[in-house]
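Structure at a glance
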Amino acid sequence: MGRYITSHYTICPRDKDPRWEGVEMERFADEADVVIVGGGPAGLSAAIRLKQLANEQEKELRVCLVEKASQIGAHTLSGACLEPSALNELFPDWKERGAPLNTPVTEDVFSLLTKKYRIPIPMLPGLPMNNHGNYIVRLGHFVRWLGEQAEELGVEIYPGYAAAEVLFHEDGSVKGIATNDVGIAKDGSPKDVFERGMELHAKVTLFGEGCHGHLAKQLYRQFNLRENCEPQTYAIGLKEVWLIDEKKWRPGRVEHSVGWPLNRNTYGGSFLYHLNEGEPLVALGFVVGLDYTNPYLSPFREFQRWKHHPFIAKTLEGGNRIAYGARALNEGGYQCLPKVTFPGGMLIGCSPGFMNVPKIKGTHTAMKSGMLAAEAIFPKVTAKDLASETAGLHVPEYEDNLKKSWIWKELYSVRNIRPSFHNYFGLYGGMVYTGVFYWILRGKEPWTLKHAGLDSAQLKPAKECTAIEYPKPDGKLSFDLLSSVALSGTNHEGDQPPHLTLKDDSVPVANNLAIYDGPEQRFCPAGVYEYVPLETGEGMRLQINAQNCVHCKTCDIKDPSQNINWVVPEGSGGPAYNGM
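Per an unreviewed UniProt entry, the chain goes by the name Electron transfer flavoprotein-ubiquinone oxidoreductase and belongs to Salmo salar. Under Function (unreviewed entry), UniProt gives the following word-for-word description of the chain: "Accepts electrons from ETF and reduces ubiquinone." The Catalytic activity (unreviewed entry) field of the UniProt record for the chain holds the comment "a ubiquinone + reduced [electron-transfer flavoprotein] = a ubiquinol + oxidized [electron-transfer flavoprotein] + H(+)".

In structure tokens, the structure reads:
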């Protein structure tokens, strides 16, 4: 093992590496009308809508979708309480088609927790948290079902292929994507089985990579898409699925809480949903805003501690945890929406960030954005008089249609709820703001509040903060990190360059450890980052356990040095969620 940490070609170029001399680097290229990156709700809804339109109008249209997970839905993680508005539009007959929406919400419980007690908060009709008419779903199963519908319509779906690069035409427009190379050793050298990825070219490429996609990051820079919006702000969501004692099971019950164990100035909250999937299952999770300031905070350990609250523990006691995972989510909302169209492509779903934070819902808006993108593209890509077969088409109509749609109205009305937490009273101020302005004015107040700025810039130096004493896990309600990661089924080909790349290998010890006491050891929900003593006995080094990564993107967002760049590992690596 050498002294390098990063050996990935995005940081260590191959053309300067003698080990790559004479290796065949030609890529096979294929043409489609539309290429979609990401098989989540947005990408699949876009694909389905395109093929619905093509079939209605009897037009030939080749739609290819690539997904980095080994199967559709395996990297999908969400609460999830689904608002069926977009689904009703996409498939009015979804019930007959067997969509896995098995649990209509029957009751809504909202609590403010103190260390030992709970204060019930009334759920007034019209508040964004009211879930009347929604369904509790296992989003991975719903996404898998969407994938089946897409394939029936003739969409070509390629799971296990990670989109690793954006390709450009000479005029600067997007040409398509290239999938990842395989067969590269951990030290960055080619193995005997090295194979180049393939190119997929399209008239329009849709990027639906989910929250903080790594190709979207490049597109923001390339086309300056964020010049007129605020920086995106995020949260991390951690989730478990439990099999509980049947006597405590209330199918259709939705519980949310704010307050303990977080202090009033740390944004976050919890969910606990009772599923009706034929056995007494609950989905529970904890969300922490990544604009938190104390580097000693561990979202994972806050989540484990929360389960010991008497109000939560009574549901879980005697139960059995069967799944674990984590994912970052967008919290910026309306103020942080980038420009979503550019020559040759567009951004859909959680990649640009259409999540409605107070509702804690983004699936319906993600699906709708994909459908709107499809409707804007379809007449353009099927037009007879295309100037060029392959030139990247710019379709600004998509953005216009978004602004006229219910997505825009919905995000505009709740735009001030999340930033209202940035006040001296924190949580309590935000709750009062929501109660007064949202419930009475429905978001029509004439001002728009600002967020705090980049999440990576919010940490205070460790010496200004108090270390947080977390209780030891008891193995019944709370667990250690590594036994949790084991439940995520995450797995990567071990002999490949770490896909958590560092722009500069010396920064973690010199900056993150020296000033912030190595916060990546605590904000990563999978134990990827560890500071270990140097073999010489003097000082520390950062060790990256890339095989543990659950692809949540938190490190890329929260790293105070902005030195970590998450890139895709070999296709099909990552978690193996079953209906998270």
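Concerning the pattern of salt bridges
According to the stated counting rule, one finds 29 salt bridges in the structure shown. The structure contains a network of salt bridges with shared partners spanning Arg 14, Asp 181 and Arg 196.

Points about the pairing of strand E10 (residues 163-168)
Consecutive side chains along a regular strand alternate between the two faces of the sheet. Bridge count for E10 against strand E11 (residues 174-179) is five bridges, and the pairing is antiparallel. Directly across from Glu 165, in E11, lies its bridge partner Ala 178. Between the antiparallel neighbours E10 and E11 lie five residues, among them Gly 172 with a positive phi of about 95°.

What to know about the nonpolar core
By size, the foremost hydrophobic cluster in this structure holds 76 residues, and its most contacted members are Leu 206, Phe 207 and Tyr 398. Top contributing element to this core by residue count: helix H7 (residues 363-381), with 10 residues. Among residues more than four places away in sequence, those in contact with Leu 206 are Val 34, Val 35, Ile 36, Val 37, Ala 46, Met 346, Ile 348, Ala 373 and Ile 377. Counting 72 residues, the second largest nonpolar core, distinct from the first, contains Leu 113, Trp 242, Leu 459 and Phe 523.

Some points on the environment of Ser 483
The residue Ser 483 is located in helix H11 (residues 481-487) in this model. Classification of Ser 483 by relative accessible area gives partly exposed; the value is 29%. The spacing of Ser 483 and Arg 301 is 182 residues in sequence and 13 Å in space, taken between C-alpha atoms.

Some words on the side chain of Thr 6
Assignment of secondary structure puts Thr 6 in the segment before strand E1 (29-31). Note on Thr 6: relative accessible area 7%, which makes it buried. A polar atom in the side chain of Thr 6 sits 2.9 Å from the backbone nitrogen of Leu 502. Polar contacts involving the side chain of Thr 6 include one to the side chain of Asp 505, which spans 3.0 Å. Those residues within four positions of Thr 6 in sequence are excluded, and the remaining contacts are Ile 11, Cys 12, Thr 501, Leu 502 and Asp 505.

Quick word on the environment of Cys 81
By secondary structure assignment, the location of Cys 81 is in strand E4 (residues 81-82). Taking the C-alpha atoms as reference, Cys 81 lies 9.5 Å from Thr 103; in sequence the two are 22 residues apart. In contact with Cys 81, not counting residues within four places along its chain, are Val 105, Asn 131, Asn 134, Tyr 135, Ile 136, Val 254, Tyr 273 and Lys 361.

Conventions we followed
Residues numbered from 1 in each chain as written. Predicted model: local features only at pLDDT ≥ 70, side-chain atom pairs only at ≥ 80, totals over all residues. Heavy atoms only, no water. UniProt positions renumbered as here; feature names shortened; annotations may be inferred. Salt bridge = Lys/Arg side-chain N within 4 Å of Asp/Glu carboxyl O. Pairing = 2+ DSSP bridges. Helix = DSSP H or I, 4+ residues; strand = E, 2+ residues; numbered from the N terminus. Core = buried A, V, L, I, M, F, W, Y, C linked by side-chain atoms within 4.5 Å. Buried < 20%, exposed > 50% of the residue type's maximum accessible area, 1.4 Å probe, protein only. Contact = heavy atoms within 4.5 Å. Polar contact = N/O pair within 3.5 Å; in protein donor to acceptor, adjacent residues only side chain to side chain.

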